[in-house]
Amino acid sequence: MATGKVKSKELSKFLEGAGAAGYDVFAPARGEEGWAFAPYEGGEVELDGYLLTTVSAKGFALPQREAVLRYDGDDGELALPEETKRLLFGVRPCDARALALLERVYGGRGFRDPHYLVRRDHTVWAVMACDLPAPTCFCTSVEGGPAEATGADVMVYKAGEDLLLQALSPKGEEFLKELKLDPAPDKNLAKAKKAYEEIAARRAPLWDLERARPKLYERFEAEAWEEIASRCVSCGACAFVCPSCHCFDVADEGKHSRGLRLRFWDACTQSPFTLHASGHNPRERKAPRYRQRVLHKFYYFHENWGENLCVGCGRCVVACPANVDIREAVTLVAGEE
Amino acid sequence: MTIENDIRAKARELLERDEAEVVIGCEEGTTPLTARPALLREAAEADRLVWNRYCTSGLARYVLEYIRERRRQRDFDASAAKKVAVVAKPCDARALVTYIQENQFGREDIYVLGLNCTPRVDRRRVLEKVGAYRVQEARLDGEELVVTTTAGGEARLPLADYVEASCAVCAHLVPPLADVTFGEAAAPPEAEEAFARVREHEARSVNERWEWVRRELGRCLRCYACRQVCPVCYCEECFAEQRHPAWIGPATAPEDLVAFHLVRVFHTAGRCIECGECERACPMNIELRVLSEKLIQDVKEKFGYEAGEDVEARPPLATYQPDDPNEGFM
C-alpha cells in the first residue's frame, strides 16, 4: 500500500495539493461552536488544540438534511448528490470507525442506499491518530483505539516534525498516488504506530464489554435505567453530535404535487420518535427512550451486525445539557453481579 | 460549605419525615466543571446534594415534569400526594412562580429550599479558553479556578472573568418564593449591564443583523435542547413538531431554523425568567439570549412587568388594558 511523508509545517501545501488534484478539501477549523470540519480555502492550518469536532464527521456520509427524491406530478427522480471528489482531513479514528458501522446499514448486505454510496465512493477519509485523548474519550472500552484504522482510507500518524501517511483502501491508494508524496520509511511508520500503542495501553477499558453486553439486555427492567434517565431532558443533542447514530425521519416538502422528499436525522431520546399515527406512544417515558439509545449502541446493533455501535468518542457526554453519561449508564446497569 | 450542609440536612429531614416524596437538587457531575440535576427519594441519599459554582442546571422543569408524570399514574391520589421539594436558585423560584400563575400546579404541591444567589461559573467560556476536550481537572483556589489540561499544563483563571453570562446581568438574587432560605445574596450588578447585549445587537445594521441570524441560527441542529431545558417551554405538543398543519418544515432548512427560534422565543414573551439555560444547553453555542433578552426588555419597558416575581400578578399576555401599547397593530 502507498505511503507518504508530509512535514507538519507543510500541511497546507499538502492540502493545497489535494485541492489542485481536484478534491474539495475539508479540515478541522475553529468555529463558533468549537471545532468543525470546514472547507479548506488555502493558508495555514492551525490544528493546535484540536481533538474532536463538536459535531462528528457523520454528515459527510449521511447529511443532517438531504433531498432523496424530487417529484412533479406523476414524475419523480432520485435526487442524487453531486459526484465531486472530497478529502476529509483530520477525522479521528472514532468517527472513521463509526463510518464503517454506517456502511453495514447503508452500503452493506441487503439494502444499498444510492445517496450514501455516491458520497462514500467520492470521499477520502484521512484519519489522524490521537496523541492526546480527553478524559471523556473511551474508545479503548469499546474495542477501538487512538490509532485504530477501521474505516480509514488513509491513516495519518504524527512522527516528530513529520506526518506519516499510509493508504488503507483502494480509494486511499489512488489518492496518495495522485499526490506524489515522498514515501514514509517503513521503520518510521512502525515506530510511530508503536508510540500510539503506548497511548492506548494507558487507557484501561472501563468494562469487560463481552460481559457487560448481555447484562444490559438481561437487566431491561432494572431500576438503574430510571435513575440514569431521571435527569435526561429528552432533547436530541446526544444523537446529533454522535458519529454512529444513524436513524432518520422522512418528510415531503413542497406542494402535494411538486416538491422534495427529505431525509433528516432523528433522535430516539425525543418523545415523538416513536409516536404512532393513532396517538399512542410506546416509549412515552424518557427512561425507556434512553434505554433504547444505550441498548441500540451496546446490544441490538451487535445482535444484527456483530459490532458495538458506540465508538467511545464521548461527544454525548460533553454535549448533554444534563450530564447524562453513557459510560455511567453502562457501568450502573451492567456493573454489579 | 455550610450552605451545602444546610441543604442536605433539610433534604434529609423532609424525606425522613415523609414531608416530601422527592427532593430535586444538584449533584456532582461526571466531568470537571459540572454539576447536574438529581432526584432523591431516600433520606440516605441527601449527601449527594451539592451547592457549588457549577450548579447552573434549571431544576424547576424537573418539578413540573415530576408532577405531570405523577398525575398520569392510574392510582394517583391527589389528596394523599406529598410535596415535591426543590432546591431553587432565584431563577428556578421565578419559574415556579410562573407555573403557579399558569395553573400548572399549586403552591401547596411544592416545598422550596430557596437559595440567595451568587454568580455561577461559565463552563463554556472556560472550555473555550482551555479547549473543550482538554480539561483534565478543575479546582477552586480562592477566587481562582485552577484547570489542569491533558497536555500537562495548568491555567489559573480569575473567577471574576468567568462569570456565567446570565448571572453577570442578573438582578434577581433572592428567590421570590421559598419555604426556607439559605445563604447570602451577592450584590446585584450595575444597572447598565442589563440588556448590554441587546443594545449591542440593536446597534448593528440590518445587514449585520441578518448576518447574525445566518451565522447563529443557521448552525442550529434542531436538537431542541434549548426548548427542553427552558422552564417555560413546556407545551405538551410543540408547534415545531405539529404536522397537521405543519407550521414549519421538520428539518434544518435555514428558514425553518429561523422560524423555530423566533416563534419559540415569542412564546416565552413575558414568561422568560432569564435563567440562561437555553444558551448553556445549546451544543452549538448559539447566542440565544440575544433574542430572549430583547423580549424581556420590551415587556419591562412597555408593560412594566417582570416574569416570575409574584404569584398574584397577572402576566401582560394574560390580561388586557385599554392603554396597552398597540405598536405593530394597523
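About the thresholds
- Residues numbered from 1 in each chain as written.
- Chains lettered and ligands numbered in written order.
- Predicted model: local features only at pLDDT ≥ 70, side-chain atom pairs only at ≥ 80, totals over all residues.
- Heavy atoms only, no water.
- Helix = DSSP H or I, 4+ residues; strand = E, 2+ residues; numbered from the N terminus.
- Rg over C-alpha atoms; globule rule 2.2 N^0.38 Å.
- Buried < 20%, exposed > 50% of the residue type's maximum accessible area, 1.4 Å probe, protein only.
- Contact = heavy atoms within 4.5 Å.
- Phe/Tyr/Trp six-rings, centres within 6.5 Å; stacked < 30°, edge-to-face > 60°.
- Salt bridge = Lys/Arg side-chain N within 4 Å of Asp/Glu carboxyl O.
- 1 Å grid on protein atoms, 1.4 Å probe; cavity = no way out; pocket = protein on both sides within 12 Å on 5 of 7 lines; lining within 4 Å.
- Points joined across faces, edges and corners; volume = space filled by probe spheres on them.
- Nonpolar A, V, L, I, M, F, W, Y, C, P; charged D, E, K, R; others polar.
- Axes fitted to C-alpha atoms, helices over the stretch in contact; angles between N-to-C directions.
- Parallel < 35°, antiparallel > 145°, perpendicular 65-115°, else oblique.
- Expected span 1.5 Å × (residues − 1).
- Buried area = accessible area lost by both parts, 1.4 Å probe.
- Polar contact = N/O pair within 3.5 Å; in protein donor to acceptor, adjacent residues only side chain to side chain.
- Core = buried A, V, L, I, M, F, W, Y, C linked by side-chain atoms within 4.5 Å.
- Pairing = 2+ DSSP bridges.

Caption draft 1: Summary view of the overall build of chain A. Helix and strand content of chain A: 11 helices and 11 strands. At 21 Å, chain A has a C-alpha radius of gyration in line with the 20 Å of a compact globule built from 337 residues. Once the C-alpha set of chain A is aligned to its principal axes, its extents read approximately 60 × 60 × 40 Å. Per-residue burial for chain A yields a buried fraction of 56% across its 337 residues. In chain A, the share of contacts with a sequence separation of at least 24, taken over all contacts with a separation of at least 6, comes to 74%.

Caption draft 2: Here's a closer look at the packing of aromatic side chains. All names here are of chain A. A full pass over the atoms with the stated rule returns 21 aromatic pairs over all chains. Look at Phe-14 and Phe-89: their rings are 5.9 Å apart centre to centre, the planes differ by 65°, and that puts the pair in the edge-to-face class. Taken together, the positions of Phe-14 in helix α1 (residues 11–20) and Phe-89 in strand β6 (residues 86–91) put the pair 75 residues apart, joining distant regions of the chain. As far as burial versus exposure is concerned, Phe-14 and Phe-89 are alike and both buried. Here the aromatic rings of Tyr-23 and Phe-175 are separated by 5.1 Å at their centres, their planes lie at 85°, and the arrangement is edge-to-face. Taken together, the residues span a long stretch of sequence, with Tyr-23 in the loop between α1 and β2 (24–31) and Phe-175 in helix α4 (residues 170–179) at a distance of 152 residues. Of the residues examined, Tyr-23 reaches a relative accessible area of 5% and is grouped as buried.

Caption draft 3: Spotlight on the pattern of salt bridges. In this structure the tally under the stated criterion is 63 salt bridges over all chains. Residue Asp-113 of chain A is joined to Arg-263 of chain A by a salt bridge in which the shortest nitrogen-to-oxygen separation is 2.8 Å. With Asp-113 of chain A in the loop between α2 (93–106) and α3 (114–122) and Arg-263 of chain A in strand β11 (residues 258–265), this pair connects stretches of sequence that are 150 residues apart. Each member of the pair, Asp-113 of chain A as well as Arg-263 of chain A, is classed as buried. As a salt-bridge pair, Arg-36 of chain B and Glu-27 of chain B come within 2.9 Å of each other at their nearest N and O atoms. Taken individually, Arg-36 of chain B and Glu-27 of chain B each receive the classification buried, so the pair is uniform in this respect. Here the salt bridges share partners, and the residues they tie into one network are Glu-227, Arg-231 and Glu-328 of chain A together with Glu-27, Arg-36, Glu-45 and Arg-48 of chain B.

Caption draft 4: Broad picture of unusual backbone geometry. All names here are of chain B. Here His-244 and Pro-245 are connected by a cis peptide whose omega angle stands at 0°. The topology assignment puts Pro-245 in the loop between α8 (225–229) and α9 (254–266). A positive phi is found at Asp-18, a non-glycine position, where the angle reads about 65°. For Asp-18, the location among the structural elements is in the loop between α1 (2–16) and β1 (20–28).

Caption draft 5: Layout of empty space enclosed by the protein. Residue and element names in this part refer to chain B. Across all of its chains, the model carries 12 cavities of 30 Å³ or more by this definition. Looking at the largest cavity, its volume works out to about 160 Å³. Around the largest cavity, the lining is made up of 17 residues, and of these Cys-91, Cys-117, Ser-166, Cys-167 and Cys-170 lie nearest the centre. For the lining of the largest cavity, the secondary-structure elements that each account for two or more residues are α3 (90–101) and α5 (165–168). Grouping the amino acids of the lining of the largest cavity by side-chain chemistry returns eight nonpolar, four polar and five charged.

Caption draft 6: Quick look at the packing of helix α9 (residues 286–305) of chain A against helix α11 (residues 326–334) of chain A. All names here are of chain A. Their axes nearest at 11 Å, the elements α9 and α11 cross at an angle of 85°. By the criterion of interaxial angle, the relationship of α9 to α11 is roughly perpendicular. Along the contact surface, α9 presents Tyr-290, Val-294, Lys-297 and Phe-298, while α11 presents Ile-326, Ala-329 and Val-330. Grouping the amino acids of the contact of α9 with α11 by side-chain chemistry returns six nonpolar, no polar and one charged.

Caption draft 7: Up close: α9 of chain B. If you check α9 of chain B, its first and last C-alpha atoms are 18 Å apart, about what 13 residues at 1.5 Å a residue would give, namely 18 Å. Along α9 of chain B, the residues that are buried comprise Asp-256, Leu-257, Val-258, Phe-260, His-261, Arg-264 and Val-265 of chain B.

Caption draft 8: Quick look at the interface of chain A and chain B. In this complex, chain A contributes 42 residues to the contact, which on the side of chain B involves 39 residues. Both faces combined, the contact of chain A with chain B buries some 3,500 Å², and carbon together with sulfur accounts for 56% of it. Measuring nitrogen to oxygen at the nearest pair gives 2.6 Å for the salt bridge that ties Lys-286 of chain A to Glu-65 of chain B. Summed over the shared surface of chain A and chain B, the result is 16 residue pairs in polar contact (both at pLDDT 80 or more). Only α8 (237–241), β10 (248–254), α10 (315–319) and α11 of chain A provide two or more residues apiece to the side of chain A that touches chain B. At four residues, the largest contribution of residues to the side of chain A that touches chain B is made by α10 of chain A. Partitioning the side of chain A that touches chain B into residue classes produces 20 nonpolar, 10 polar and 12 charged.

Caption draft 9: Representation of the nonpolar core in the model. Residues Phe-298 of chain A together with Leu-96 of chain B are the most contacted members of the largest nonpolar core, which totals 136 residues. Here Phe-298 of chain A is in contact with Val-142, Trp-207, Leu-209, Arg-213, Leu-216, Asn-308, Cys-310, Ile-326 and Val-330 of chain A, once residues within four sequence places are set aside. Counting residues in hydrophobic clusters, the runner-up holds 53 residues, among them Leu-47, Phe-60, Ala-126 and Tyr-157 of chain A.

Caption draft 10: Representation of the sheet that holds strand β5 (residues 75–78) of chain A in the model. All names here are of chain A. The strand order across the open sheet built from four strands is β5-β4-β11-β10, with neighbouring strands paired in antiparallel fashion. If you trace the sheet from one side to the other, it starts and ends with β5 and β10, each paired once. On average, each strand axis in the sheet is inclined to that of its neighbour by 25°, with strand direction left out of account. The pairing of β10 with β11 spans seven bridges and is classified as antiparallel. Residue pairing across strands places Ala-251 opposite Leu-262, the latter belonging to β11. Contacts from α3 reach β4 (65–72), β5 and β11 within the one sheet, and its direction differs from that of β4 by about 130°.

Caption draft 11: Up close: α2 of chain A. Residues and elements named next belong to chain A. With 14 residues, α2 should cover 20 Å at 1.5 Å per step; its first-to-last C-alpha distance of 20 Å lies within 8% of that length. Counting buried residues in α2 gives 11 out of 14 residues, a clear majority hidden from the surface. Every buried residue belonging to α2 is among Pro-93, Cys-94, Asp-95, Ala-96, Arg-97, Ala-98, Leu-99, Ala-100, Leu-101, Leu-102 and Tyr-106, and all of these are buried.

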